[in-house]
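Here's the letter readout for the chains.
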Amino acid sequence: MLTRKTAATIGLFVAAITITFGGTSIGAILPLIGDRFRVSTQVLGLLLGAILVGTAMSQIPGGFAVLRYGAPRVVVTSTILGGGAFLLAGFAGDFSFLTFFLFLTGISTALLYAPALSLVSSIFSEGRRGPAVGFFWGAFNGIGGMTGMLLGTYLGLNFNWQAPLQVGGAGLLLLAPILWWSLPRELPATSYSHGGLWMSGRRVFRAPAVWGLALGLGGFAGAGYVPIYYVTTYFKQVHPSWGIDAAAQVAAFAVLATLPGAAVGGWIADRGFDRRTIILLFALAFGLVVLWIPYATLLLLWIIYIVAGFLHGVTNAVMNLYPSYLEETKGPGMALAVGLIITCQTLFRSAVAIAFGYLAVTSGYTVAWLFSAFLCLSLLPLLRWVPPSRAVRPTSSRN
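Basis of the calculations
Residues numbered from 1 in each chain as written. Predicted model: local features only at pLDDT ≥ 70, side-chain atom pairs only at ≥ 80, totals over all residues. Heavy atoms only, no water. Helix = DSSP H or I, 4+ residues; strand = E, 2+ residues; numbered from the N terminus. Buried < 20%, exposed > 50% of the residue type's maximum accessible area, 1.4 Å probe, protein only. Contact = heavy atoms within 4.5 Å. Areas by Shrake-Rupley, 256 points an atom, 1.4 Å probe, with all protein chains shown as cover. Phe/Tyr/Trp six-rings, centres within 6.5 Å; stacked < 30°, edge-to-face > 60°. Lys NZ or Arg CZ within 6 Å of the ring centre and 35° of its normal. Salt bridge = Lys/Arg side-chain N within 4 Å of Asp/Glu carboxyl O. Axes fitted to C-alpha atoms, helices over the stretch in contact; angles between N-to-C directions. Parallel < 35°, antiparallel > 145°, perpendicular 65-115°, else oblique. Left-handed = near helix turned anticlockwise from the far one by under 90°. Nonpolar A, V, L, I, M, F, W, Y, C, P; charged D, E, K, R; others polar.

(A) Spatial organisation of the overall build of the protein chain. Of the regular secondary structure elements, the protein chain holds 16 helices and zero strands. Out of the 399 residues belonging to the protein chain, those deemed buried represent 59%. Expressed as a percentage of contacts within the protein chain between residues at least 6 apart in sequence, the contacts between residues at least 24 apart total 86%. Total accessible area computed for the protein chain in this model is approximately 15900 Å², and 68% of it derives from carbon and sulfur atoms.

(B) Spotlight on the packing of aromatic side chains. A full pass over the atoms with the stated rule returns 14 aromatic pairs. Among the aromatic residues, ring-to-ring pairing joins Tyr230, Tyr234, Phe235, Trp242, Phe356, Tyr365 and Trp369 into one connected group. The ring of Phe37 has Arg36 lying over it, and the distance from NZ or CZ to the ring centre is 4.6 Å.

(C) Expanded view of the pattern of salt bridges. Tallying each qualifying case throughout the model produces one salt bridge. Where Lys236 meets Asp35, a salt bridge forms, and the shortest distance between an N and an O atom there is 3.1 Å. Separated by 201 residues along the polypeptide, Lys236 in helix 11 (residues 231–238) and Asp35 in helix 2 (residues 30–37) bring together distant segments of the chain. Of the residues examined, Asp35 reaches a relative accessible area of 49% and is grouped as partly exposed.

(D) Region of interest: the packing of helix 2 against helix 3 (residues 41–69). With their axes 10 Å apart at the nearest point, helix 2 and helix 3 run at an angle of 120° to one another. Classified by the angle between their axes, helix 2 and helix 3 sit oblique to one another. Of the two possible hands of crossing, helix 2 and helix 3 adopt the one that is right-handed. Contacts between helix 2 and helix 3 involve Leu30, Ile33 and Gly34 from the first element and Leu44, Leu47 and Leu48 from the second. Classifying every residue of the contact of helix 2 with helix 3 by side-chain character gives five nonpolar, one polar and no charged.

Structural data, given as structure tokens:
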């Protein structure tokens, strides 16, 4: 018999996949949006930047909302908001309205991710938490992203550019009542007053490890964003003979590769290795791989994207797991810590997306790719603010 706990776990994973499908499909239909509204790549970069600003500005308020109202209520609210925003964006006939509603989808994604991650983390105990968190991140990005690129491209080319947004919105609205039924509705065990919220938030904000993860991986976050969301415009403008379908397939398999990467990252993180070293090595390898994108043939680009996706998955899985083991961010503070990290990284994504679009127009795509890769590598030394962290290996007792 399906218990409410099992239904809640499944519902969280499906909601994560659905909201990422809607968001990633924007990258798949970006050239179609540009043709429909007759806007340049630079303006499309501003559109992506607006979505990311919505995500960035809502992560920290979402973390405080979890402390005050509980993660389940925030998750259900974000699902309803995201469903409505995607649906309305699919009916937008003006570029300004489209930008506004997609900005709201960024807010809904922010309100969903950290609370859902904290719920998944609370369900599984240490030893099982790493793979579970890794799989959740992989489902959020890997399965949802792959579906968004492939199904989003199919719907956009065979129906219209609005279809992927409408499908994603309808899916989220259908999930909302299921989550409302399956997730616990009670308030958190610890009731936070306004003063308590401030003290809890201050403890998180003053943690050097949180800022180390947020800023040290900021360039990594930006360099991981542009290869997916700009790949269709890159193919269309630089390699038109390769086709938009091929671009969507390359991106889809790259995003899919994050799923095994996240699973491996979660497994490694719970096996006694230093988590900071894992993050540094895999983020460094990712930046070096991105450097080769502008010089790659189509076959080499397939290899680069799949390897980069795997490296991206490992790094993010360990990063998302880190706050659950820091003294300053354990328990309810995890959602706020993850929110702060994602806020900073989303601002980096927004800035890199805008800068990438500008450089692609003014200096060419080669300069834009190199800029994103070097930014990734140049900020990694800030990870020295993050203390070493190792999982405790179980010891066998002898009689």
